[in-house]
Amino acid sequence: MSHPVVILGTGLAGFTLAREFRKLDKETPLVLVSRDHGGFYSKPMLSNALAGNKTPASLVMKDSDKMSAELGAATIHKGRTVAGIDTAARVIELDGGERIAYRDLVFAVGADPIRLPIEGDAADTVLSVNDLDDYGRFSERLDGVTSVAVLGAGLIGCEFANDLLSRGISPTVIDLAPRVLPRLLPDAASERLRSKLAEAGASFRFNVSVSRVDRAGAGLKLTLSDGSVLDAGLVLSAVGLRPRTGLAAEAGVRVNRGIVTDRLLSASAPHTHALGDCAEVDGHTLPYVMPIMQQARALAATLAGNATPVVYPPMPVIVKTPACPTVVCPPALDASGAWTVELTDDGCDARFHSGDGQLLGFALLGAATKQRQALVSQVPGLLV
Ligand SMILES: Cc1cc2nc3c(=O)[nH]c(=O)nc-3n(C[C@H](O)[C@H](O)[C@H](O)COP(=O)(O)OP(=O)(O)OC[C@H]3O[C@@H](n4cnc5c(N)ncnc54)[C@H](O)[C@@H]3O)c2cc1C
């Protein structure tokens, strides 16, 4: 029997690749290794799970046994980490010493939450929610809490703020930037989203960071960089993610911001590949679901013998803020052009055009979100 395709990670990237590969190749053995539970869940649900009264267990759609069966008796090593990778011999070693020879090795190990340098005797209580276990800790610790400080006014911070409101908990969103979603929205659209979240009960502190978190009675006291203080029952950090590159780097695989791949999702060592939040694909790190779907389909075809470069069509992202439904399709970071913004009572339609009139990106809020399909068809893809 041939050596297996080994996938490190059972998040959306690992499992989507495995599913796509099985559609094309029913014979080659598949081995998945994950340090977590090895079941399938949809990570985007973590930031609207409170509204649905979800528990970590109820978020798991299929446990590892079901996933193994669905993937044609794939072997899933759950609760295991990789101790070492020998890319010359094409062998990985698991914690505990077990060695697995591979035909191809895929890194799908995700990204770590960025930890801000915060001082104080309760700095270690600051939570991030990036997997099911994190969500379990977060939801347990919310018991009896009436206010939460959310660090980061990006997409995930705003989503958690809205979700906390659904539980009757008051969020205060804190950011060094002067407005919400500064990298995804023009000023006026940021202000509309902020005001809708504020109407729903959220507070905001901009142009400040958090210096200290200390215990104060049953709760916490935050000291902000401008010297002001804020009381909260819990602090949730949502300031961004950093691709997990350590394992690949130790194996001598080239890393930059993420694990570096070309458009075939090939990493620098022979028969190694990467996709998902850990990967830097042709210079892009895009920690969203739609790029993963594109990557998984392309890499599955390549691994099944039909070399297929990944294509990125326009990939709008829905911001899960029911207080103000929002969809963003940001222009490329280096795009030159300008925003035009149309505000109405019930929405905001913001479009980013190049100098010669080409639509390069958009942000739609409220009633304007119904323009999404029409606009997507006009925006050029990122990798075509
Ligand atoms: C709260 C939240 C909400 C989001 N909402 C949206 C949204 O609405 N829309 C959108 O497009 N995107 C959203 N995203 C982003 C999206 O969820 C991610 O891009 C995607 O889930 C990443 O999948 P992944 O498989 O690359 O990584 P992960 O899901 O993090 O999976 C990584 C896997 O690797 C395993 N692993 C890690 N290290 C090791 C190791 N050393 N050995 C073995 N296994 C290891 C882990 O156990 C895990 O199984 C959201 C993200 C978060 C955190």
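Before any of the text, the structure's been laid out above.
Since this is a predicted model, take the numbers as computed values, not measurements.

### Considerations on the overall build of the chain
Here comes step 1: Within the chain, the regular secondary structure consists of nine helices and 24 strands.
Here comes step 2: Here the C-alpha radius of gyration of the chain, 22 Å, is about what a compact globule of 384 residues would show, namely 21 Å.
Here comes step 3: Here the C-alpha coordinates of the chain stretch approximately 65 × 60 × 35 Å along the principal axes.
Here comes step 4: The buried share among the 384 residues of the chain stands at 50%.
Here comes step 5: The long-range fraction of contacts in the chain, counting pairs at least 24 apart against all pairs at least 6 apart in sequence, stands at 59%.
Here comes step 6: Here the chain displays about 16900 Å² of accessible surface, and carbon together with sulfur accounts for 51% of that area.

### Re the sheet that holds strand E13 (residues 219–224)
Here comes step 1: Read across the open sheet, the three strands follow the order E12-E13-E14; overall the sheet is antiparallel. Each edge of the sheet is formed by a strand with only one pairing partner; in this case those strands are strand E12 (210–216) and strand E14 (229–232). Recorded for the sheet is a direction-independent mean angle of 25° between the axes of neighbouring strands.
Here comes step 2: With four bridges joining them, E13 and E14 adopt antiparallel strand pairing. Its bridge partner being in E14, Lys 221 is matched across the sheet by Asp 231.

### What to know about the nonpolar core
Generally speaking, soluble globular proteins have nonpolar side chains that are buried together.
Here comes step 1: Formed by 51 residues in total, the largest nonpolar core has its most connected members in Val 6, Ile 7, Leu 8, Leu 17, Ile 85, Ile 92 and Phe 107.
Here comes step 2: Put simply, the parts of the chain that give this core at least two residues each are strand E1 (5–8), helix H1 (12–24), strand E2 (30–34), strand E4 (82–86), strand E5 (91–94), strand E7 (104–107), strand E19 (279–281) and helix H8 (289–303).
Here comes step 3: Once residues lying within four places of it in the same chain are set aside, the contact partners of Leu 8 are Val 33, Val 82, Ile 85, Ile 92, Leu 105, Val 106, Phe 107, Ala 108, Val 109 and Leu 247.
Here comes step 4: By size, the runner-up hydrophobic cluster in this structure holds 43 residues, among which are Val 148, Ile 169, Ala 202 and Phe 206.

### Quick notes on the packing of H1 against H8
Here comes step 1: Interaxial distance between H1 and H8 falls to 8 Å at its minimum, and their mutual angle equals 40°. As the angle between them shows, H1 and H8 are arranged oblique. Here the hand of the crossing between H1 and H8 comes out right-handed. Contact residues: Leu 12, Ala 13, Thr 16, Leu 17, Glu 20, Phe 21 and Leu 24 in H1; Val 289, Ile 292, Met 293, Ala 296, Arg 297, Leu 299, Ala 300, Ala 301 and Leu 303 in H8.
Here comes step 2: Grouping the amino acids of the contact of H1 with H8 by side-chain chemistry returns 13 nonpolar, one polar and two charged.

### With respect to the sheet that holds E5
Within a beta sheet, neighbouring strands are joined by backbone hydrogen bonds and run either parallel or antiparallel to one another.
Here comes step 1: Strand order in the open sheet formed by three strands is E4-E5-E6, and the pairing between neighbours is antiparallel. The open sheet has two edge strands with one neighbour each: E4 and strand E6 (99–101). Strand after strand, the sheet turns through a mean of 20° between neighbouring axes, direction not considered.
Here comes step 2: In this structure, E4 lies alongside E5, joined through four bridges in antiparallel fashion. Bridge pairing links Ile 85 to Ile 92 in E5.

### Some thoughts on the pattern of salt bridges
Here comes step 1: If you walk through the whole model with that rule in mind, you get 18 salt bridges.
Here comes step 2: Residues Asp 226 and Arg 205 are paired through a salt bridge, measuring 3.0 Å at the closest nitrogen-oxygen approach. Here the residue Asp 226 occupies a position in the loop between E13 and E14, and Arg 205 occupies one in strand E11 (residues 203–206), the gap between them amounting to 21 residues.
Here comes step 3: For Asp 226, a relative accessible area of 46% corresponds to the partly exposed category.
Here comes step 4: What makes Arg 205 partly exposed here is its relative accessible area of 25%.
Here comes step 5: The salt bridge partner of Asp 214 is Arg 212, with a shortest N-O separation of 2.9 Å.
Here comes step 6: The class for Asp 214 is buried, based on a relative accessible area of 12%.
Here comes step 7: Given a relative accessible area of 32%, Arg 212 falls into the partly exposed group.

### Focus: the packing of aromatic side chains
Here comes step 1: Scanning all chains against the criterion turns up four aromatic pairs.
Here comes step 2: Ring geometry for Phe 138 and Phe 160: centres 5.6 Å apart, planes at 80°, overall edge-to-face. In this pair, Phe 138 is assigned in helix H4 (residues 132–141) and Phe 160 in helix H5 (residues 155–166), connecting sequence segments 22 residues apart.
Here comes step 3: Judged by its relative accessible area of 0%, Phe 138 is buried.
Here comes step 4: On the basis of relative accessibility, which here comes to 3%, the residue Phe 160 falls in the buried class.
Here comes step 5: Here Arg 19 stacks its cationic end above the ring of Phe 40, 4.4 Å away from the centre of that ring.

Cut-off values and rules
- Residues numbered from 1 in each chain as written.
- Predicted model: local features only at pLDDT ≥ 70, side-chain atom pairs only at ≥ 80, totals over all residues.
- Heavy atoms only, no water.
- Helix = DSSP H or I, 4+ residues; strand = E, 2+ residues; numbered from the N terminus.
- Rg over C-alpha atoms; globule rule 2.2 N^0.38 Å.
- Buried < 20%, exposed > 50% of the residue type's maximum accessible area, 1.4 Å probe, protein only.
- Contact = heavy atoms within 4.5 Å.
- Areas by Shrake-Rupley, 256 points an atom, 1.4 Å probe, with all protein chains shown as cover.
- Pairing = 2+ DSSP bridges.
- Axes fitted to C-alpha atoms, helices over the stretch in contact; angles between N-to-C directions.
- Core = buried A, V, L, I, M, F, W, Y, C linked by side-chain atoms within 4.5 Å.
- Parallel < 35°, antiparallel > 145°, perpendicular 65-115°, else oblique.
- Left-handed = near helix turned anticlockwise from the far one by under 90°.
- Nonpolar A, V, L, I, M, F, W, Y, C, P; charged D, E, K, R; others polar.
- Salt bridge = Lys/Arg side-chain N within 4 Å of Asp/Glu carboxyl O.
- Phe/Tyr/Trp six-rings, centres within 6.5 Å; stacked < 30°, edge-to-face > 60°.
- Lys NZ or Arg CZ within 6 Å of the ring centre and 35° of its normal.

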